[in-house]
Amino acid sequence: MIGDIVETKQCQLKDPMDLFRSGQVVKICAPMVRYSKLAFRTLVRKYSCDLCYTPMIVAADFVRSAKARDSEFTTNKGDHPLIVQFAAKEAQVLCDAARIVCPFADGIDLNCGCPQRWAMAEGYGACLINKPELVRDMVRHVRNQIDNPRFSVSIKIRIHEDLKRTVDLCQKAEATGVSWITVHGRSVEERHQPVHYDAIKIIKQSMSIPVVANGDIKTLKDAENVHLLTGADGIMVARGLLANPAMFAGYEETPLKCIQDWVDIALEHGTPFTCFHHHLMYMMERITSKQEKKVFNVLSSTSAVLDYLKDHYGV
């Protein structure tokens, strides 16, 4: 890891809170397992994304293993502002992980929202919304042990069935010094049900720190509507950006220029073929016919993909 990112030491780390102070709605790329890695973050930053998260990293593995650090975390001097998201359940482990990334990132985020069974079984993710004291303890430890006041500490949560519990969790976190809170407007049990934007609005009205809205935002128009509905200070997008990395720049579907940019960036970064190909499958979902998908989605080498793009799209 350190070999890859040591150049970042020379760059000016940023204060993510400056984005929230700007008065503009902050446009954010969500932490996505396998997908929100350096190459993709580089792409969305070219298209008006203000703030990017790494995929979720298990803090205990990250602290314990140099191999985990090398594979999970790479960045460079253009990759800012950057938030590293950790799954953690022990305050000191989270602190140790934060200390490792502090010279290279602009903040950390504690995942309190992942609903996957393995995460919940390990005591990570969304089960933390039922442990406000533990969340408070973890935030307080990081605040006390990282002496850079510009380094942000945020949390990403899901909501309770009883919203009063969520508001209580958020207020406790705010009192401990959380920089902002991202709210995915669904409960742990909900997957594809409509997002409760009204709940995000109530949380926003209960807080004096920034609140970020997350869930089912597919276009820039959606982002504007959710901002109006909730009053949120930022909008975080996951699948919408996978399908259209130029979404925040106002494009309705992925422009060919963006596909060209992805090819250039991915090749430059040495992106593994599967990841390179998957991103293109997402990006081209709306602009390819069923027949084209059948052909494109089974291509099995970088050169085959490049030939296809050149022949069919002039990319």
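Worth saying up front: this structure is predicted, and the values here are computed from it rather than measured.

Mapped onto the present numbering, the UniProt feature "domain: DUS-like FMN-binding" (unreviewed entry) falls on residues 29-292. Summarising residues 29-292: 45% helix, 14% strand, and an end-to-end C-alpha distance of 28 Å.

Quantified by volume, the largest pocket comes out at close to 910 Å³. Forming the walls of the largest pocket are 33 residues, and the residues nearest its centre are Pro-31, Met-32, Arg-158, Ala-238 and Arg-239. Residues of the lining of the largest pocket, tallied by class, amount to 15 nonpolar, nine polar and nine charged. By volume, the second largest pocket amounts to about 380 Å³. As for the second largest pocket, its lining consists of 22 residues, of which Lys-37, Leu-38, Thr-271, Pro-272 and Cys-275 are closest to the centre. Contributing elements (two or more residues each) for the lining of the second largest pocket: helix H3 (38-46), helix H5 (66-72), helix H13 (256-269) and helix H14 (273-283). Of the residues assigned to the lining of the second largest pocket, the class counts are nine nonpolar, nine polar and four charged. For the lining of the second largest pocket, the two domains that each supply at least three residues are domain 1 (16-249) and domain 2 (256-313).

Moving on to the UniProt feature "active site" (unreviewed entry) in the chain. Within the UniProt annotation, "active site" (unreviewed entry) is assigned to Cys-114. Of note, Cys-114 is situated in the loop between strand E5 (107-112) and helix H7 (117-121). Residues within four places of Cys-114 in sequence aside, it is in contact with Met-56, Ala-119, Met-120, Gly-125 and Ala-126.

Let us look at the pattern of salt bridges. Two side chains of opposite charge can pair, provided their charged atoms sit close to one another. Following the criterion strictly, the structure yields 14 salt bridges and no others. For Arg-99, the salt bridge identified is with Asp-96, shortest N-O distance 3.3 Å. Residue Arg-99 and its partner Asp-96 are both found in helix H6 (residues 91-101); the two are separated by three residues, about one turn of the helix. Across the pair Lys-257 and Asp-261 runs a salt bridge whose closest N-O atoms are separated by 2.8 Å. Of this pair, Lys-257 and Asp-261 both sit in helix H13, four residues apart, which is roughly one turn of the helix. For Asp-261, a relative accessible area of 5% translates into the label buried.

Within the element layout of this structure, Met-283 appears in helix H14. As a C-alpha pair, Met-283 and Leu-256 span 27 residues in sequence and 9.7 Å in three-dimensional space. In contact with Met-283, not counting residues within four places along its chain, are Leu-43, Leu-242, Ala-243, Pro-245, Thr-254, Ile-259 and Trp-262.

This part takes up the side chain of Thr-176. As for its placement among the helices and strands, Thr-176 is situated in helix H9 (residues 163-176). For Thr-176, a relative accessible area of 11% corresponds to the buried category. Each residue touching Thr-176, except ones within four places of it in the same chain, is listed here: Arg-136, Val-139, Arg-140 and Arg-143.

Our focus in this paragraph is the packing of H13 against H14. Axis separation between H13 and H14 bottoms out at 11 Å; the angle between their running directions is 170°. Taken together, the axes of H13 and H14 lie roughly antiparallel to each other. Across the interface between the two elements, Ile-259, Trp-262, Val-263 and Ala-266 from H13 touch Cys-275, Phe-276, His-279, Leu-280 and Met-283 from H14. When the residues that make up the contact of H13 with H14 are grouped by side-chain class, the tally is eight nonpolar, one polar and no charged.

Reading guide: rules and limits
Residues numbered from 1 in each chain as written. Predicted model: local features only at pLDDT ≥ 70, side-chain atom pairs only at ≥ 80, totals over all residues. Heavy atoms only, no water. UniProt positions renumbered as here; feature names shortened; annotations may be inferred. Helix = DSSP H or I, 4+ residues; strand = E, 2+ residues; numbered from the N terminus. 1 Å grid on protein atoms, 1.4 Å probe; cavity = no way out; pocket = protein on both sides within 12 Å on 5 of 7 lines; lining within 4 Å. Points joined across faces, edges and corners; volume = space filled by probe spheres on them. Nonpolar A, V, L, I, M, F, W, Y, C, P; charged D, E, K, R; others polar. Domains from an automatic or database assignment. Contact = heavy atoms within 4.5 Å. Salt bridge = Lys/Arg side-chain N within 4 Å of Asp/Glu carboxyl O. Buried < 20%, exposed > 50% of the residue type's maximum accessible area, 1.4 Å probe, protein only. Axes fitted to C-alpha atoms, helices over the stretch in contact; angles between N-to-C directions. Parallel < 35°, antiparallel > 145°, perpendicular 65-115°, else oblique.

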